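In case you want the letters, here they are:
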Amino acid sequence: SLQAEYGVRLAEPGMGATELADLVAHLPPGCALWRDTGGAPALSDDGHLLREIIYRLEVADWHAIGGKGP
C-alpha cells in the first residue's frame, strides 16, 4: 500500500518509525492494507455508498412483499 499510494519502498533505508507510522495512519480507505485487515476502512467511500444502497433496496423489497420472510 505504501508503494502504491506514496511510491515508498520499505526496502530503502532512511525512513524512521515515526514517519512510517504517519504514512500508514493516512492511507486512504479501500487501499490494499485496509482491505487485508478488514473493518470499516476496508471499504472506500464508494463501497460504503454501495452497501447503503443495497441495504435500502433490500428493505424496500421486504416492505413490498408485506414484510414476510421466504
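Residues numbered from 1 in each chain as written. Predicted model: local features only at pLDDT ≥ 70, side-chain atom pairs only at ≥ 80, totals over all residues. Heavy atoms only, no water.

Topic: the overall build of the protein chain
Which entries qualify depends on this criterion: Helix and strand assignments follow DSSP, with helices taken as H or I runs no shorter than four residues and strands as E runs no shorter than two, numbered in order from the N terminus. Throughout, exposure labels follow a simple rule: accessible area from a 1.4 Å probe, protein chains only, divided by the maximum for the residue type, with under 20% read as buried, over 50% as exposed, and the rest as partly exposed. Contacts are assigned to residue pairs that have any heavy atoms within 4.5 Å of one another. To be clear on the numbers: accessible area is Shrake-Rupley with a 1.4 Å probe, and residue cover counts the displayed protein chains and nothing else.
Secondary structure summary: the protein chain contains four helices and zero strands in total. Secondary structure elements of the protein chain, listed N to C terminal, follow the sequence α-α-α-α. In terms of principal-axis extent, the alpha carbons of the protein chain reach across some 65 × 15 × 15 Å. For the protein chain, the residues scored as buried account for 11% of the 70 residues in total. Expressed as a percentage of contacts within the protein chain between residues at least 6 apart in sequence, the contacts between residues at least 24 apart total 15%. Only carbon and sulfur atoms are counted for the fraction: they give 59% of the accessible area of the protein chain, which is about 5,600 Å².

Side note on the nonpolar core
Note the following rule: To define a nonpolar core, start from buried Ala, Val, Leu, Ile, Met, Phe, Trp, Tyr and Cys residues and group those joined through side-chain atoms within 4.5 Å.
Among the nonpolar cores identified, the biggest contains five residues, and these are Leu 2, Val 8, Leu 27, Cys 31 and Trp 34. Excluding anything up to four places from it in sequence, Trp 34 contacts Val 24, Leu 27, Pro 28, Pro 29, Pro 41 and Ala 42.

Remarks on the confidence of the model for the protein chain
Formally: The pLDDT score gives, residue by residue, the confidence of the prediction method on a 0 to 100 scale.
With 96% of its residues at a pLDDT of 70 or more, the protein chain shows a mean pLDDT of 85. Of all the helices and strands in the protein chain, helix H1 (residues 2–6) carries the lowest mean pLDDT, 84, while helix H4 (residues 45–64) carries the highest, 91.

Some points on a nonpolar patch on the surface
Quick note on the threshold: Here, patches come from residues exposed beyond 30% relative accessible area and free of salt bridges, joined within 9 Å for like charges and within 5 Å for nonpolar side chains (Val, Leu, Ile, Met, Phe, Trp, Tyr). A pair is scored as a salt bridge if a Lys or Arg side-chain nitrogen falls within 4 Å of a carboxyl oxygen belonging to Asp or Glu.
Together, Leu 49, Leu 50, Ile 53 and Leu 57 make up an exposed nonpolar region whose accessible area comes to about 400 Å². Relative to the elements of secondary structure, Leu 57 occurs in helix H4.

Concerning the pattern of salt bridges
All chains considered together, the criterion is met by one salt bridge. Residue Glu 52 pairs with Arg 56 through a salt bridge whose shortest N-O separation is 2.6 Å. Of this pair, Glu 52 and Arg 56 both sit in helix H4, separated by four residues, roughly a single helical turn.

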